[in-house]
Amino acid sequence: MSVAVHAADIQDRDGARFVLDKRTRALFPFIERVYADGGYRGARARDGAASTGTWKIEIVNRCDSVQGFAVLPKRWIVERTLAWISRCRRLARDFERYARTVAAFVRLAMIRIMLRRLTKPCPSA
C-alpha cells in the first residue's frame, strides 16, 4: 500500500515515520491498526504513527513455547509479499543508486502481481 526506502543504517523503529507519514494517512484514512514485528517496538515508532493520525501499532510477538519456525498471523502476509517482490530480478539485489528508483520498482512489481491476479481465469467458468 505504501513504500518507503531509506538507508540501511536507519533502524526499523526510526524508519516507521517515513512510511506512516501524512501522505499515506491521506491515501488510506480507513486504516486503524498497523501490524509490525518486534523491530518496531518502542516510543519512536509509536510516536511516528501517532503524529499523523489515530494509527495504533500492534506488535505481533512470537510465542515463546514454539521452537524453530512458526507462521505468525498478520506478519506472514508481509514476509510472503516481500518474497513475491524479490522474484523480480531487478529487486533481488540492491543495485539501485537512488531510493526513489527502488520505490518505483517495488510499485511496478506489486502492479504486476495485482494484474496477474485480476487477469487470472475464474476456475468456475
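Scroll up for the structure.
Residues numbered from 1 in each chain as written. Predicted model: local features only at pLDDT ≥ 70, side-chain atom pairs only at ≥ 80, totals over all residues. Heavy atoms only, no water.

### Focus: the overall build of the chain
Convention followed: Counting from the N terminus, the helices are the DSSP runs of H or I reaching at least four residues and the strands are the DSSP runs of E reaching at least two. Three labels apply to residues, based on accessible area from a 1.4 Å probe with only protein chains included: buried if under 20% of the type maximum, exposed if over 50%, partly exposed otherwise in between. The contact rule is simple, with two residues in contact once any of their heavy atoms fall within 4.5 Å.
Each helix and strand counted, the chain has five helices and two strands in total. Counting helices and strands in the order they occur from the N terminus, the chain gives α-α-β-α-β-α-α. Viewed in the frame of its principal axes, the chain has a C-alpha envelope of about 50 × 40 × 30 Å. Across the 125 residues of the chain, 19% fall into the buried class. Partitioning the contacts of the chain with sequence separation of at least 6, the portion at a separation of at least 24 is 50%.

### Looking at the pattern of salt bridges
Just so we agree on the cut-off: For salt bridges, the criterion is a side-chain nitrogen of Lys or Arg within 4 Å of an Asp or Glu carboxyl oxygen.
This structure, assessed with the given rule, holds two salt bridges. As a salt-bridge pair, Glu-58 and Arg-33 come within 3.3 Å of each other at their nearest N and O atoms. Taken as a pair, Glu-58 in strand E2 (residues 56-59) and Arg-33 in strand E1 (residues 33-36) lie far apart in primary sequence, 25 residues in all. Overall, Glu-58 belongs to the partly exposed group, its relative accessible area being 32%. Judged by relative accessible area, which is 44%, Arg-33 ranks as partly exposed.

### Some remarks on helix H3 (residues 43-50)
Residue pairs spaced three or four apart in an α-helix point in one direction, given the helix's 3.6 residues per turn. Stated formally: It is the directions from the helix axis to the C-beta atoms whose arc is reported.
Three or more residues of H3 are buried, namely Ala-45, Gly-48 and Ala-49. One face of H3 carries all of its buried residues, which in axial projection span an arc of 95°. For H3, the secondary structure elements touched by its buried residues are helix H1 (12-19) and E2.

### Focus on a nonpolar patch on the surface
Applicable threshold: Excluding any residue in a salt bridge, patches collect residues exceeding 30% relative accessible area, merging like charges within 9 Å and nonpolar Val, Leu, Ile, Met, Phe, Trp and Tyr side chains within 5 Å. Note on areas: these come from Shrake-Rupley sampling with a 1.4 Å probe, and a residue is covered only by the protein chains present in the view.
A surface patch of nonpolar side chains, about 530 Å² in accessible area, is lined by Leu-108, Ile-111, Met-114, Leu-115 and Leu-118. As for its placement among the helices and strands, Leu-118 is situated in helix H5 (residues 99-119).

### As for the packing of aromatic side chains
Convention followed: Pairing of aromatic rings covers Phe, Tyr and Trp, the last counted by its six-membered ring, and requires centre-to-centre distances within 6.5 Å; plane angles under 30 degrees mean stacked, over 60 mean edge-to-face, and any other angle means tilted.
Evaluation of the coordinates by the stated rule reveals one aromatic pair. Between Phe-28 and Phe-30, the ring centres sit 6.0 Å apart and the planes meet at 90°, which makes this aromatic pair edge-to-face.

### Observations concerning the pairing of E1
Rules: Two strands are said to pair when DSSP picks up at least two bridges between them. For a crossover, the right-handed case is the one in which the path from the first strand over the helix to the second runs clockwise, viewed with the strands pointing away from the viewer.
Of the pairings in the sheet, the one linking E1 to E2 comprises four bridges and is parallel in character. Residue pairing for E2: Arg-33 is matched across the bridge by Lys-56. Read as a crossover between parallel neighbours, the route from E1 over H3 to E2 is right-handed.

### Here's the deal with the nonpolar core
Applicable threshold: Nonpolar core, defined: a set of buried Ala, Val, Leu, Ile, Met, Phe, Trp, Tyr and Cys residues in which side-chain atoms within 4.5 Å join the residues together.
Ala-16, Leu-20, Phe-28, Ile-31, Ala-45, Ala-49 and Trp-55 form the largest nonpolar core, which has seven residues in total. Beyond its immediate chain neighbours, meaning those up to four positions away, Ala-45 contacts Arg-13, Ala-16, Tyr-40 and Ile-57. Counting residues in each nonpolar core, the second largest holds five residues, with Cys-88, Leu-91, Val-106 and Ala-109 among its members.

### Concerning the packing of helix H4 (residues 75-85) against H5
Rule in force here: Here an axis means a line fitted to C-alpha atoms, over the contact stretch when the element is a helix, while the angle between two N-to-C directions is reported on a 0 to 180 degree scale. In what follows, roughly perpendicular refers to angles from 65 to 115 degrees, roughly parallel to angles under 35, roughly antiparallel to angles over 145, and oblique to any angle outside these ranges.
Packing of H4 against H5 brings their axes to within 10 Å, and their N-to-C directions diverge by 100°. When the axis of H4 is compared with that of H5, the two are roughly perpendicular. Along the contact surface, H4 presents Thr-81, Trp-84 and Ile-85, while H5 presents Val-106, Ala-109, Met-110, Ile-113 and Arg-117.

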